[in-house]
Amino acid sequence: MPTALDQLLQSVTTARDGDQQHAVLAQLAEQLRNAAEILEWARDNAHWRQLPAPTWEWLRTATDAARDLADSLDEVGPAFASPCAPAAAPAPPAPAAHRAPTPRR
């Protein structure tokens with residue numbers, strides 16, 4: 001799976017099955033985490049500490065949003081994967097307990 005976002009975008013058009021779609025979403029989640037790390041670096045960098053408070057807060061909010069999006073993609077991504085082989089058929093119910101015949105009158 002490509003890591004560059006532009007190449008990942010191109011992969012979307014060729015992702016034919018659920019597993020490929022799931023892989024694209026997993027890679028996107030990873031890239032969002034990388035973006036969050038970059039935003040956090042920018043926010044914590046000594047030079048950037050001179051930023052106005054609204055800008056610093058925006059960077060914090062953007063970092064949190066990128067992480068939230070990545071976590072959400074992790075949650076919904078498996079829904080795109082190809083379904084697994086069907087589970088084995090359930091076992092038949094156990095036979096009813098044997099009852100003694102009712103005596104005739």
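What counts and what doesn't
- Residues numbered from 1 in each chain as written.
- Predicted model: local features only at pLDDT ≥ 70, side-chain atom pairs only at ≥ 80, totals over all residues.
- Heavy atoms only, no water.
- Helix = DSSP H or I, 4+ residues; strand = E, 2+ residues; numbered from the N terminus.
- Buried < 20%, exposed > 50% of the residue type's maximum accessible area, 1.4 Å probe, protein only.
- Contact = heavy atoms within 4.5 Å.
- Areas by Shrake-Rupley, 256 points an atom, 1.4 Å probe, with all protein chains shown as cover.
- Axes fitted to C-alpha atoms, helices over the stretch in contact; angles between N-to-C directions.
- Parallel < 35°, antiparallel > 145°, perpendicular 65-115°, else oblique.
- Left-handed = near helix turned anticlockwise from the far one by under 90°.
- pLDDT = per-residue confidence, 0-100.
- Core = buried A, V, L, I, M, F, W, Y, C linked by side-chain atoms within 4.5 Å.
- Salt bridge = Lys/Arg side-chain N within 4 Å of Asp/Glu carboxyl O.

A tally of regular secondary structure across the protein gives three helices and zero strands. When the elements of the protein are put in sequence order from the N terminus, they spell out α-α-α. Here the protein holds 105 residues, and the buried ones make up 19% of them. Residue pairs at least 24 apart in sequence account for 58% of intrachain contacts in the protein once pairs closer than 6 positions are excluded. Carbon and sulfur atoms make up 60% of the accessible area of the protein, which totals about 8,300 Å².

Now for the side chain of Thr-63. Positionally, Thr-63 belongs in helix 3 (residues 53-76). What Thr-63 contacts, discounting residues up to four positions off in sequence, is Ala-36, Leu-39, Glu-40 and Arg-43.

Moving on, we come to the packing of helix 2 (residues 18-44) against helix 3. Orientation of helix 2 relative to helix 3, taken along the N-to-C sense of each, is 160°, at an axis distance of 8 Å. The orientation of helix 2 relative to helix 3 falls into the category roughly antiparallel. Considering how the two elements wind past one another, helix 2 and helix 3 form a crossing that is left-handed. Contacts between helix 2 and helix 3 involve Leu-25, Leu-28, Ala-29, Leu-32, Arg-33, Ala-36, Glu-37, Leu-39, Glu-40, Ala-42 and Arg-43 on the former and, on the latter, Trp-56, Leu-59, Arg-60, Ala-62, Thr-63, Ala-66, Arg-67, Leu-69, Ala-70, Asp-71, Leu-73 and Asp-74.

This next bit is on the packing of helix 1 (residues 5-14) against helix 2. Where helix 1 contacts helix 2, the axes come no closer than 10 Å and their chain directions differ by 160°. Judged by the angle between their axes, helix 1 and helix 2 are roughly antiparallel. Handedness of the helix 1/helix 2 crossing: left-handed. Residues Leu-5, Leu-8, Ser-11, Val-12 and Thr-14 of helix 1 lie in contact with helix 2, whose contacting residues are Gln-20, Val-24, Gln-27, Leu-28 and Gln-31.

Here we take up the confidence of the model for the protein. Here the protein averages 78 in pLDDT, while 72% of its residues score no lower than 70. Across the protein, element-level confidence peaks in helix 3 with a mean pLDDT of 92 and bottoms out in helix 1 with 81.

Residues Leu-25, Ala-29, Leu-32, Ala-70 and Leu-73 constitute the largest nonpolar core, which totals five residues. It is helix 2 that provides the largest number of residues to this core, a total of three residues. Excluding anything up to four places from it in sequence, Ala-70 contacts Ala-29, Leu-32 and Arg-33.

What follows is about the pattern of salt bridges. One pass over the full model with this rule turns up eight salt bridges. Residue Glu-40 pairs with Arg-67 through a salt bridge whose shortest N-O separation is 2.7 Å. With Glu-40 in helix 2 and Arg-67 in helix 3, this pair connects stretches of sequence that are 27 residues apart. Judged by relative accessible area, which is 23%, Glu-40 ranks as partly exposed. On the basis of relative accessible area, Arg-67 is assigned to the partly exposed category, the value being 27%. For Arg-60, the salt bridge identified is with Asp-64, shortest N-O distance 3.4 Å. Within this pair, Arg-60 and its partner Asp-64 are both found in helix 3, separated by four residues, close to a single helical turn.

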